[in-house]
Amino acid sequence: MNRRELYLPADEFERDCRFETLRRSGPGGQNRNKVETGVRMYHLPTGLVGEATERRRQGENRKQAVFRLRMELALRVRAPIEITFDNQGVAVEVTSSLMWFTRRGNDSRILISKDSVDYPALVADFFDVYAAVKEDLPTAARLLQTTPSQIVRFLGKIPAGLNLLNEHRERKGLRRLRA
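In this text, all values refer to a predicted model and were calculated from it rather than measured experimentally.

Participant: Which residues make up the packing of aromatic side chains, and what values go with them?
Facilitator: What the rule picks out here adds up to four aromatic pairs. Between Y119 and F154 the ring centres are 5.0 Å apart and the planes differ by 55 degrees, which places this aromatic pair in the tilted class. In this pair, Y119 sits in helix α4 (residues 119-132) while F154 sits in helix α6 (residues 148-155), placing the two residues 35 residues apart along the sequence. For F154, a relative accessible area of 1% puts it in the buried group. When the centroid spacing of 4.9 Å and the interplanar angle of 70 degrees are considered together, the rings of F126 and F127 count as edge-to-face. Of the two residues examined, F126 and F127, each falls in the buried class. Three or more aromatic residues link up through ring pairs in this structure, and these residues are F126, F127 and Y130. Here the guanidinium or amino end of R70 rests over the ring plane of F13, the centre of that ring lying 4.6 Å away.

Below, the structure is given as structure tokens:
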């Protein structure tokens, strides 16, 4: 999968998807149990799924299902990334990072809302860099011109992102991080 696919407008992104409507029981009034307002999106190239049923309108659930599917892609599918190394083998630059547009000036904070349509692409960007530097958080943060604590705060906005980072850390015998 091309990481840029995560930036496509919803209608273009949905060309690679199949969606179905569904009903769910539970709170939400009569409309929830009688009308198929829930949406399940399947990303055909990868088989990943995003689903939303909590809203009373199908359009709102569809928008949320697309966002969740993009997050699944961001967390589960890695894309190759270009990293420049110096003559001692130290990573010095990421040439395809998307993180640059979330900051102002020399500020290391990652300024993006978890509800932004760009959030999944930035999560994918981090995990692609993180994988390319063999899961070394300080190196990944340095290459993305931020700090490890900013990365943790950024990923902590959606628990699945921080959980994935912590799964990687636990495999290496490192302690879990909290946002």
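Further notes follow.
Participant: Account for the pattern of salt bridges, with residues named and values stated.
Facilitator: Applying the stated criterion to the full structure yields ten salt bridges. With its nearest N and O atoms 2.5 Å apart, the salt bridge here joins R62 to E14. With R62 in helix α3 (residues 58-76) and E14 in the loop between α1 (10-13) and β1 (17-22), this residue pair connects regions lying 48 residues apart in the sequence. For R62, a relative accessible area of 23% puts it in the partly exposed group.

Participant: Let's hear about the side chain of Q150: which residues, and what values?
Facilitator: Take Q150: it is sitting in helix α6. A residue is classified by how much of its surface remains accessible, and Q150, at 10% relative accessible area, is buried. Those residues in contact with Q150, other than ones at most four positions away along the chain, are S108, R109 and I110.

Participant: Describe unusual backbone geometry, naming the residues involved and giving the relevant values.
Facilitator: For K134, which is not a glycine, the phi torsion comes out positive at approximately 60 degrees. Turning to its location among the elements, K134 is positioned in the loop between α4 and α5 (137-143). In this structure K134 comes out as exposed when scored by relative accessible area, which is 66%.

Participant: An account of the pairing of strand β3 (residues 49-52) is requested, with residue identities and associated values reported.
Facilitator: Residues G50 and A52 of β3 are buried on one face, while the alternating residues V49 and E51, pointing to the opposite face, are not. Where strand β2 (residues 38-43) meets β3, four bridges bridge the pair, whose relative direction is antiparallel. The residue of β3 that forms the bridge with R40 is E51. A loop of five residues connects β2 with β3, the two strands running antiparallel in sequence, and G47 in this loop sits at a positive phi of about 80 degrees.

Conventions and cut-offs
Throughout this document, residue positions are counted from 1 along each chain, in the order its sequence is written. Local features in this predicted model are restricted to residues of pLDDT 70 or higher, and side-chain atom pairs are both shown and tallied only at a pLDDT of 80 or more, whereas totals for entire chains, interfaces and linings draw on every residue. Calculation of side-chain values draws on the structure's entire complement of heavy atoms; hydrogens and water are dropped beforehand. Aromatic pairing here means that ring centres of Phe, Tyr or Trp (its six-membered ring) are within 6.5 Å. Orientation follows from the plane angle: under 30 degrees is stacked, over 60 is edge-to-face, and everything else is tilted. Secondary structure elements are taken from DSSP: a helix is a run of H or I of four residues or more, a strand is a run of E of two residues or more, and numbering for both begins at the N terminus. When accessible area is computed with a 1.4 Å probe and restricted to protein chains, residues below 20% of their type maximum are described as buried, those above 50% as exposed, and intermediate ones as partly exposed. Here, over-ring charges are defined by two tests on the NZ atom of lysine or the CZ atom of arginine: distance to the ring centre within 6 Å, and angle to the ring normal within 35 degrees. What counts as a salt bridge is simple: a side-chain nitrogen of Lys or Arg found within 4 Å of a carboxyl oxygen of Asp or Glu. Two residues form a contact once any of their heavy atoms are found within 4.5 Å. Two strands are said to pair when DSSP picks up at least two bridges between them.

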